[in-house]
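The chain contents come next:
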Amino acid sequence: MKRRIPYTRPSITEKEVAYATDAARNGWGAHCYDYIHRFERLFREYVGTEYAIATSSCTGAMHMGLAALGVGPGDEVILADTNWIATAAPIVHLGATSVMVDILPDTWCIDPEKAEAAITPRTRAIIATHIYGNMCDMDRLFEIGERHGIPIVEDAAEAIGSRWRGRHAGSMGAFGTFSFHGTKTVTTGEGGMFVTNDPELYETVLTLSNHGRSRTQTKQFWPDMVGFKYKISNVQAAIGCAQMERIEELVARKREIFYAYRDALEGVEGISMNPEPEGTTNGFWMPTVVFDRETGVSREMLQEAFARENIDARVFFWPLSDLPMLQGRFPTPNAHDIAARAINLPSYHDILDEEINSVISVIRDLL
Ligand SMILES: *Cc1c(COP(=O)(O)O)cnc(C)c1O
């Protein structure tokens, strides 16, 4: 059997090890927040927001952000059917309904027209998930949000390094969330970030994130509301600081890997890959190939072909509306159709040229 090619693996250098070691050795007592505050500062400087709160996960950041927007029982939140369940779960936990709509065939992100058509008096937010690093059409979404008085929220878990007209993914909406899960471009093992430019939303989420204890509360151990416990640890944040000091390199390598695939497949008929339209930058978290319907290549054929070569390629996200516990209100033909003939390619930072070539051979053989 050939050596396994993993689909993602974190890029950990001596810097991450040194910072984590320092946090484990010295980051206690009066220093137990040092790396957390530094991580938050480095992050907000990078994405260009006023505020950032490090969290235990992106899911937790989304849960608190939606709670701070007032999402509750009976409310509805609109999101793309092509998504990880992490985007929908907080909606359900808040007692609201996740309303999935179809994606655009070229960006695989939420179709703004379909989102607008799904708005009801109960709609409290629209979530723009920048899938695999691809940017949502933020101009259209903001225009719709403004016209209906509905906040646009960004799930940028997969989109660090992506930009829309120069602005970072996650930095434009009412709030944005990021993931530092071990598979993401920047990792802390597990972890996330909540970012916003809204001082009120920031204060609310800060209070929620610490079991509802407001930082202006002078009484000790006195929660002002029932909150959450979604804080990151100093040791994780130390790894995050090292990653943020390497952020340009981490994103540049992801882009380099994408273009290595793209260039090698240039001129190959029957496939398309992540788009990078005029005015956007794609962080290319996950290089993805969609096979044209005419090729007859299916998800199952792709999985089998890659497994045979011991290549860890991942299936495109299943439409959330297919999950019995979520179910759909609207037809989502694009989300279903594309998922049935697409695959995520390995893109870990240290991937070798010969490994990229093995992946490309599998694709070429299938066509
Ligand atoms: C990874 C991911 C999340 C969840 O991130 P966690 O840190 O694991 O909670 C949310 N949304 C999307 C689109 C993701 O890819």
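You'll find the structure just up there.
Visitor: It is not clear to me how the site of the ligand should be interpreted in this structure. Could you clarify?
Guide: Taken together, 13 residues lie around the ligand, and Thr59, Asp155, Glu158, Ser179 and Lys184 are the ones closest in. A distance of 3.4 Å separates a nitrogen atom of the ligand from a polar side-chain atom of threonine 87. Within the side chain of serine 179, an N or O atom sits 2.7 Å from an oxygen atom of the ligand. Protein chains shield 92% of the accessible area of the ligand, which is 380 Å² for the free molecule. Of all the secondary structure elements, the ones that give two or more residues to the shell around the ligand are helix H3 (58–68) and helix H4 (85–93).

Visitor: Which parts of the structure should I look at to understand the sheet that holds strand E7 (residues 167–168)?
Guide: Strand-to-strand pairing in sheets goes through backbone hydrogen bonds, with the strands running parallel or antiparallel. Strand order across the open sheet formed by three strands is E7-E6-E11, with antiparallel pairing between neighbours. The sheet is open, and its two edges are formed by E7 and strand E11 (280–281), each paired on a single side. Bridging between strand E6 (residues 163–164) and E11 involves two bridges; their strand directions are antiparallel. Paired with arginine 163 across the strands is threonine 281, a residue of E11.

Visitor: Any chance you could explain the pairing of strand E12 (residues 288–291) here in plain terms?
Guide: Looking along a regular strand, one sees side chains alternate from face to face of the sheet. Neither face of E12 is exposed, since Thr288 and Val290 on one face and Val289 and Phe291 on the opposite face are all buried. Relative to E12, strand E10 (residues 271–273) is paired through three bridges, and the arrangement is antiparallel. Residue pairing in the sheet places isoleucine 271 in a bridge with phenylalanine 291 of E12.

Visitor: Please explain the pairing of strand E9 (residues 192–196) as it appears in this structure.
Guide: For E9, the tally of buried residues reaches five of five residues, placing the bulk of the element in the interior. Side-chain alternation along E9 places Gly192, Phe194 and Thr196 on one buried face and Met193 and Val195 on a second face that is also buried. Where strand E8 (residues 176–179) lies against E9, four bridges are found, and the strand directions are antiparallel. Bridge assignment links phenylalanine 178 to a residue of E9, and that residue is methionine 193.

Visitor: So what exactly am I meant to see when it comes to the side chain of arginine 299 here?
Guide: Its place among the elements puts arginine 299 in helix H10 (residues 299–308). Sequence-distant contacts of arginine 299, that is, excluding residues within four places in its chain, are made with Val315, Trp318, Ala339, Ala340 and Arg341.

Visitor: Explain the environment of phenylalanine 291 here, please?
Guide: Among the secondary structure elements, phenylalanine 291 is positioned in strand E12. For phenylalanine 291, a relative accessible area of 0% translates into the label buried. C-alpha of phenylalanine 291 to C-alpha of glutamate 116: the two residues are 175 residues apart in sequence and 29 Å apart in space. Setting aside residues up to four positions removed in sequence, phenylalanine 291 forms contacts with Gly270, Ile271, Val297, Leu302, Arg341, Ile363, Leu366 and Leu367.

Visitor: Please explain the packing of aromatic side chains as it appears in this structure.
Guide: For any pair of aromatic rings, geometry is given as the distance between the ring centres together with the angle between the planes. Evaluation of the coordinates by the stated rule reveals 17 aromatic pairs. For the pair phenylalanine 43 and phenylalanine 178, a centre-to-centre distance of 4.8 Å together with 75° between the ring planes defines the contact as edge-to-face. Of the two residues, phenylalanine 43 is situated in helix H2 (residues 34–47) and phenylalanine 178 in strand E8; the sequence distance between them amounts to 135 residues. Classification of phenylalanine 43 as buried rests on a relative accessible area of 0%. Centroid distance tyrosine 259 to phenylalanine 284: 5.5 Å. Interplanar angle 90°. Geometry classified as edge-to-face. Here tyrosine 259 is found in helix H9 (residues 247–264), whereas its partner phenylalanine 284 is found in the loop between E11 and E12, with 25 residues between them in sequence. Here a set of aromatic residues connected by ring pairs shows up, and it is made of Trp84, Trp108, Tyr132, Trp285, Phe316 and Phe317. A cation over an aromatic ring shows up here: arginine 38 above the ring of tyrosine 19, its NZ or CZ 5.0 Å from the ring centre. Seen from the ring of tryptophan 285, lysine 184 lies directly overhead, with NZ or CZ sitting 5.4 Å from the centre.

Visitor: Hey, could you run me through the packing of H3 against H4 in this one?
Guide: Running from amino to carboxyl end, H3 crosses H4 at an angle of 40°, the nearest separation of the two axes being 9 Å. As summarised for this structure, H3 and H4 are arranged oblique, according to the angle between their axes. Note that H3 runs across H4; the crossing there is right-handed. Across the interface between the two elements, Thr59, Met62, His63 and Leu66 from H3 touch Ala86, Thr87, Pro90, Ile91 and His93 from H4. Residue composition of the contact of H3 with H4, grouped by class: five nonpolar, four polar and no charged.

Visitor: Looking at this model, I keep getting lost on unusual backbone geometry. Mind explaining?
Guide: The phi angle of most residues is negative, glycine excepted, and most peptide bonds adopt the trans form. Located in the positive-phi region is asparagine 310, a residue other than glycine, with phi close to 60°. Tracing the chain through its elements places asparagine 310 in the loop between H10 and strand E13 (314–315). Of note in the backbone geometry, glutamine 327 takes a positive phi value of approximately 60° without being a glycine. Along the polypeptide, glutamine 327 turns up in the loop between E13 and helix H11 (333–339).

Cut-offs used in this document
- Residues numbered from 1 in each chain as written.
- Predicted model: local features only at pLDDT ≥ 70, side-chain atom pairs only at ≥ 80, totals over all residues.
- Heavy atoms only, no water.
- Near = heavy atom within 4 Å.
- Polar contact = N/O pair within 3.5 Å; in protein donor to acceptor, adjacent residues only side chain to side chain.
- Areas by Shrake-Rupley, 256 points an atom, 1.4 Å probe, with all protein chains shown as cover.
- Helix = DSSP H or I, 4+ residues; strand = E, 2+ residues; numbered from the N terminus.
- Pairing = 2+ DSSP bridges.
- Buried < 20%, exposed > 50% of the residue type's maximum accessible area, 1.4 Å probe, protein only.
- Contact = heavy atoms within 4.5 Å.
- Phe/Tyr/Trp six-rings, centres within 6.5 Å; stacked < 30°, edge-to-face > 60°.
- Lys NZ or Arg CZ within 6 Å of the ring centre and 35° of its normal.
- Axes fitted to C-alpha atoms, helices over the stretch in contact; angles between N-to-C directions.
- Parallel < 35°, antiparallel > 145°, perpendicular 65-115°, else oblique.
- Left-handed = near helix turned anticlockwise from the far one by under 90°.
- Nonpolar A, V, L, I, M, F, W, Y, C, P; charged D, E, K, R; others polar.

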